[in-house]
Amino acid sequence: MDEIQLTPLARELGLRLVPAHVGVIMDGNGRWAQKRGMPRMMGHRAGVETLRDVIRFSSDVGIQVLSLYAFSTENWKRPADEVGGLMRLLVEFLYKEIDELDANGVRIRFMGDIDALPAPQHKAVEYGLEKTKDNTGLIVNIALNYGARAEIARAARELAAAAVRGELDAAAITEQSVTDALYTAGLPDVDLVIRTSGEMRLSNFMLYQCSYAEFYFPEVLWPDFSKEEYAKVLLQFQQRDRRYGGVK
Ligand code: FPP
């Protein structure tokens, strides 16, 4: 949480504090398209437009990290044409948007099993990472082929292997050791999770990092999630009484 350094936009909105790390589950693209009699992919395309605005707004308001659930390990179960469409959209997004993101100081990160992605997606990911690696502004952390349980299991394997190599005393493993073995190593915990479309589930998203997060479930479908709606969520967030299990 950053209570001291407020950006001009944050002040204009009447924010006194801004969450350091916001996680977003961009839900409702399919329903948005179906309601209009369009193919589901049109919903995902509209979702990318929203994403562009949300990234820009997050940066302008002074959020440090924006984590986005773009594609889960479970999403492979969708019809092949939708999976293919989402994969293409990702590549398109990375090549088309990267210059603007770069110009705004955004640094891209990924979490998930990136190595298991098809070659074009893998290449686009590498491109995004390389292009923005020296930037110091908003970190856009994209969950891609991601599942939180798999992430925790991977961290456990990494710690166990280090213990077997004699580099780590198994009895000395702390919460911080686990934190440091997650994809999000070095990033602050998630302060705020927004899931659009009225669904109230975490769906295997950042389970460890969300331990003390506040949750918002706006009813709007992701393509309709506006800057005004985002500002409303941030204003409500600062009213929440976060006690982290203690008392005040
Ligand atoms: C959930 O809506 C959304 C997704 C599974 C994909 C989210 C992806 C994007 C917004 C675009 C691609 C991402 C990047 C980073 C370019 P849904 O399809 O589950 O909607 P529904 O619940 O209404 O069917």
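These figures come from a predicted structure and were not determined experimentally.

Parameters and conventions
Residues numbered from 1 in each chain as written. Predicted model: local features only at pLDDT ≥ 70, side-chain atom pairs only at ≥ 80, totals over all residues. Heavy atoms only, no water. Buried < 20%, exposed > 50% of the residue type's maximum accessible area, 1.4 Å probe, protein only. Helix = DSSP H or I, 4+ residues; strand = E, 2+ residues; numbered from the N terminus. Pairing = 2+ DSSP bridges. Axes fitted to C-alpha atoms, helices over the stretch in contact; angles between N-to-C directions. Polar contact = N/O pair within 3.5 Å; in protein donor to acceptor, adjacent residues only side chain to side chain. Parallel < 35°, antiparallel > 145°, perpendicular 65-115°, else oblique. Left-handed = near helix turned anticlockwise from the far one by under 90°. Contact = heavy atoms within 4.5 Å. Nonpolar A, V, L, I, M, F, W, Y, C, P; charged D, E, K, R; others polar.

With respect to the pairing of strand β1 (residues 21–25)
Here is step 1 of the chain: A large share of β1 lies buried, amounting to five of its five residues.
Here is step 2 of the chain: Across the two faces of β1 the burial is the same, with His21, Gly23 and Ile25 and Val22 and Val24 all buried.
Here is step 3 of the chain: Pairing geometry for β1 and strand β2 (residues 65–72), over five bridges, is parallel. Residue pairing for β2: histidine 21 is matched across the bridge by valine 65.
Here is step 4 of the chain: Pairing of β1 with strand β5 (residues 192–195), which is carried by four bridges, proceeds in the parallel orientation. Along β5, the bridge assignment pairs isoleucine 25 with arginine 195.

Observations concerning the sheet that holds strand β6 (residues 214–216)
As a general point, the strands of a sheet are linked pairwise by backbone hydrogen bonds and lie either parallel or antiparallel.
Here is step 1 of the chain: Overall, parallel pairing links the six strands, which are arranged β3-β4-β2-β1-β5-β6 in an open sheet. Each edge of the open sheet carries a strand with a single partner, namely β3 (107–111) and β6. On average, adjacent strands in this sheet sit at an angle of 20 degrees to one another, irrespective of strand direction.

Describing the environment of arginine 36
Here is step 1 of the chain: Take arginine 36: it is sitting in the loop between α2 (29–35) and α3 (40–61).
Here is step 2 of the chain: Of the residues examined, arginine 36 reaches a relative accessible area of 39% and is grouped as partly exposed.
Here is step 3 of the chain: For arginine 36, the side chain forms a polar contact with the main-chain oxygen of tryptophan 32, separated by 2.9 Å.

Concerning the packing of α3 against helix α8 (residues 227–237)
Here is step 1 of the chain: Taken N-terminus to C-terminus, the directions of α3 and α8 make an angle of 45 degrees; their axes are 10 Å apart at the nearest point. In terms of their interaxial angle, α3 and α8 are classed as oblique. In terms of crossing hand, the pair formed by α3 and α8 is right-handed. Residues Asp53, Val54, Phe57, Ser58 and Val61 of α3 touch α8, and the partners they reach there are Lys227, Tyr230, Ala231 and Leu234.
Here is step 2 of the chain: A per-class count over the contact of α3 with α8 returns six nonpolar, one polar and two charged.

So, to be careful, I would describe these as geometric facts and stop short of saying anything about function.
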